[in-house]
Amino acid sequence: MAQTMTVAIVDDEPDMRESISQWLSLSGFHTETFPSAEDALRSIGPDWPGVVISDIRMPGMDGMVFLKRLMGQDSGLPVIMITGHGDVPMAVEAMRLGAMDFMEKPFNPDRMTELAKKATQARRITLDNRALRRDLSEGQQVMSKLVGASPAMDRLREDILDLGQADGHVLIDGETGTGKTLVAHALHAVGPRASKKFVPISCAAFADEALAVRLFGPVEDGLPAVEEARGGTLCLEDIEALSEPLQARLLAFIADQGQPAETRIIAISNARGEGRRAEDSLRPDLFYRLSALKITVPALRQRGEDILSLFTRMTEQFAEEYGCEPPQVTAQEAAQLLQAPWPGNVRQLINVAERAVLQNRRGSGSIASLLMADGEDSHTADATTTEGKPLKEYVESFEKMLLDNTMRRHKGAISAVMDELCLPRRTLNEKMAKYGLSRGDYL
C-alpha cells in the first residue's frame, strides 16, 4: 500500500493557513497546519512522509532559516515557499538553498495543487528508494554472515535468495548449531517484507498456556505475536514443541489469512539428526502448510574446507578480543579439523576456536586435545574421525588455508609472503590462481 503523504502548511496568518488547507483537502491531499516554523520542526524530522509549504516572512524563525533547518536534517524534503510582493529574489535564493519551487501571492490555486502533486510524488519516490536501500543493505549484512565457499553454502545462499522473494511459508531444518535462525533472518531480510517486523518466538521456551497467550493473546501489554508480526514474518523456532491444541490454532490462523498470506511464517525444526522429524511431531495438514517451501541447512562436516576458513576467522576474532596472537594451525591439525564429525556444527567450532586461542595464550594444549574432549562430552564413538577423504584434498585445503592466513597477516605484501613461505613469485601466483585468492582482497 502506498504511503499517505501529508502537506504541512506553515504560515503565521490563520486565514492563509486555513484557505490553503481547505483547497488542498478538497483536491484530495491530507494536510496539517502549523502557526510557526518552531511548531512545524517539532513534528517534521528526517524521512517525514510529506512535503512542506511555508511562508517566507514570519515572526520568530522566518522561512529562510526554517528552510535551512529542514535541509540540514533531510535534503530530500520538497519545500515550496510562499512569497509576497518584492520577495521573489529571496525566493530564488531559497531555491538555491534547496527549496523545490515558490508561489507568489496572490497565487493561482490550480498551480498550488499542481506543485503539491509534483512534490508529493517526488517525496514518495525518495522515501521508497531510501527504504529499498536500507532493505538491501540489511539483507547484504545478514547474507555476509553466511560464510563459506563450499558448494553446500553456495546452494544455501541461492535457496535463500530464491525463497526470500516467494510468498509461501517456509520450514527450515538441520542439525543443531548449523545456523538455522540466521537463515530465517536472511530469508526475511532479502524479501519484500524486509521493512516489516521479524518476530521470533521459541515454542520450547514457554509452557503451553503462556505460549498460547504470547502467540494469540490476550496480552496485558503490547500485542500478541500474530498481530505484532502482521504484514511481516513470524518465526517459530522449535516448531515440534507446539502442542496439538496450539497446532490447531496456528492452522486456523494460517487458513484465515488466505493467499497470498499477509504474514509469512518461518518454522524452524530442531528435530533433524536426533532420530525425529518435524513431520512426526506436527499434524499433517499443518506440516504441509508450513513446509510449502523448505530449506535444509548443511551440517559443518558437509562443508569441506569451509571448516578451515571458519576456524581461522573465529580464532582471529577471539585473539583480537583477548589481546593475543591466534594459534598457527599445522598440517596435521588442519587434517584433524577436516576429519572431525562436528556434532555441534558451527556452534561447536566457535567454542573450539575460543578455547584454542585461550590455550595458545597460555602456551599449552593442542587442537587435537580439544576435539577429543568434545568427542568425550558428546559420547560420540567416532569423535575424531569421519568418512575418509583422499590425502590430496587434505593437502590442498591446508595449502589454501596457509596461503590465505599468510596473505592476511602481511596485508597482501607479496614479497613478505614469498619470503615466509619460501616460494618463487611464479609458484605463488599459480597457487593463488588455483585457489581463487586475489591480492586485492588483502590490501
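Above this text sits the structure in question.
These notes cover the structure that comes with them. As the structure is a prediction and not an experimental result, all values here were calculated from the model. (Residues numbered from 1 in each chain as written. Predicted model: local features only at pLDDT ≥ 70, side-chain atom pairs only at ≥ 80, totals over all residues. Heavy atoms only, no water.)

## Observations concerning the overall build of the protein
Each helix and strand in the protein was counted, giving 19 helices and ten strands. Computed over C-alpha atoms, the radius of gyration of the protein comes to 30 Å, more than 25% over the 22 Å expected from 2.2 N^0.38 for 443 residues, which places it beyond the range of a compact globule. Across its three principal directions, the C-alpha atoms of the protein cover 90 × 65 × 35 Å. Per-residue burial over the protein gives 47% buried out of 443 residues. Approximately 22,400 Å² of the protein is accessible, and the part contributed by carbon and sulfur atoms is 51%. Averaging the coordinates of the 50 positive side-chain charges in the protein and doing the same for the 65 negative ones gives two points 4 Å apart. (Helix = DSSP H or I, 4+ residues; strand = E, 2+ residues; numbered from the N terminus. Rg over C-alpha atoms; globule rule 2.2 N^0.38 Å. Buried < 20%, exposed > 50% of the residue type's maximum accessible area, 1.4 Å probe, protein only. Areas by Shrake-Rupley, 256 points an atom, 1.4 Å probe, with all protein chains shown as cover. Lys, Arg positive; Asp, Glu negative; His and termini not counted. Charge placed at Lys NZ, Arg CZ, Asp CG, Glu CD.)

## As for the sheet that holds strand β10 (residues 293-296)
Pairing between sheet strands relies on hydrogen bonds along the backbone, with the strands arranged either parallel or antiparallel. Strand order in the open sheet formed by five strands is β7-β8-β9-β6-β10, with parallel pairing between adjacent strands. Both edges of this open sheet fall to β7 (198-202) and β10, since each of them pairs with a single strand only. For this sheet, the mean inter-axis angle between neighbouring strands, taken without regard to orientation, is 20 degrees. (Pairing = 2+ DSSP bridges. Axes fitted to C-alpha atoms, helices over the stretch in contact; angles between N-to-C directions.)

## Notes on the packing of aromatic side chains
For the structure on display, the rule yields one aromatic pair. Where Phe287 meets Tyr288, the ring centres are 5.2 Å apart and the plane angle is 70 degrees; that geometry is what we call edge-to-face. Owing to a relative accessible area of 7%, Phe287 belongs among the buried residues under this scheme. (Phe/Tyr/Trp six-rings, centres within 6.5 Å; stacked < 30°, edge-to-face > 60°.)

## A few points about helix α13 (residues 306-322)
Between its first and last C-alpha atoms α13 spans 24 Å; for 17 residues at 1.5 Å apiece the expected length is 24 Å, and the two agree. The first or second residue beyond α13 is Gly323, which carries a positive phi of 70 degrees. (Expected span 1.5 Å × (residues − 1).)

## A look at the pattern of salt bridges
As enumerated under the stated definition, the model contains 15 salt bridges in all. One salt bridge connects Asp55 with Lys105, and the closest N-O pair in it is separated by 3.6 Å. You can see Asp55 sitting in strand β3 (residues 50-55) and its partner Lys105 sitting in the loop between β5 (101-104) and α5 (109-144), a full 50 residues away along the chain. Looking at Asp55, the relative accessible area reads 3%, which means it is buried. In this structure Lys105 comes out as partly exposed when scored by relative accessible area, which is 25%. Between Arg230 and Glu262 there is a salt bridge, with the nearest N and O atoms lying 2.9 Å from each other. Highlighted residues: Arg230 in the loop between α9 (225-228) and β8 (233-237) and Glu262 in the loop between α10 (244-257) and β9 (264-269), separated in sequence by 32 residues. Because the salt bridges share partners, they merge into one network encompassing Lys197, Arg214 and Glu228. (Salt bridge = Lys/Arg side-chain N within 4 Å of Asp/Glu carboxyl O.)

## Focus on the environment of Thr296
Tracing the sequence through the fold places Thr296 in strand β10. Polar side-chain contacts of Thr296 include one of 2.7 Å to the side chain of Asp173. (Polar contact = N/O pair within 3.5 Å; in protein donor to acceptor, adjacent residues only side chain to side chain.)

## Considerations on the packing of α13 against helix α14 (residues 331-339)
One can describe the packing of α13 onto α14 by two numbers: an axis separation of 9 Å at closest approach and a directional angle of 115 degrees. Between α13 and α14, the interaxial angle falls into the category roughly perpendicular. Note on packing geometry: the crossing formed by α13 with α14 is right-handed. Side by side, α13 and α14 meet where Ile307, Leu308 and Phe311 of the first sit next to Ala334, Leu337 and Leu338 of the second. (Parallel < 35°, antiparallel > 145°, perpendicular 65-115°, else oblique. Left-handed = near helix turned anticlockwise from the far one by under 90°. Contact = heavy atoms within 4.5 Å.)

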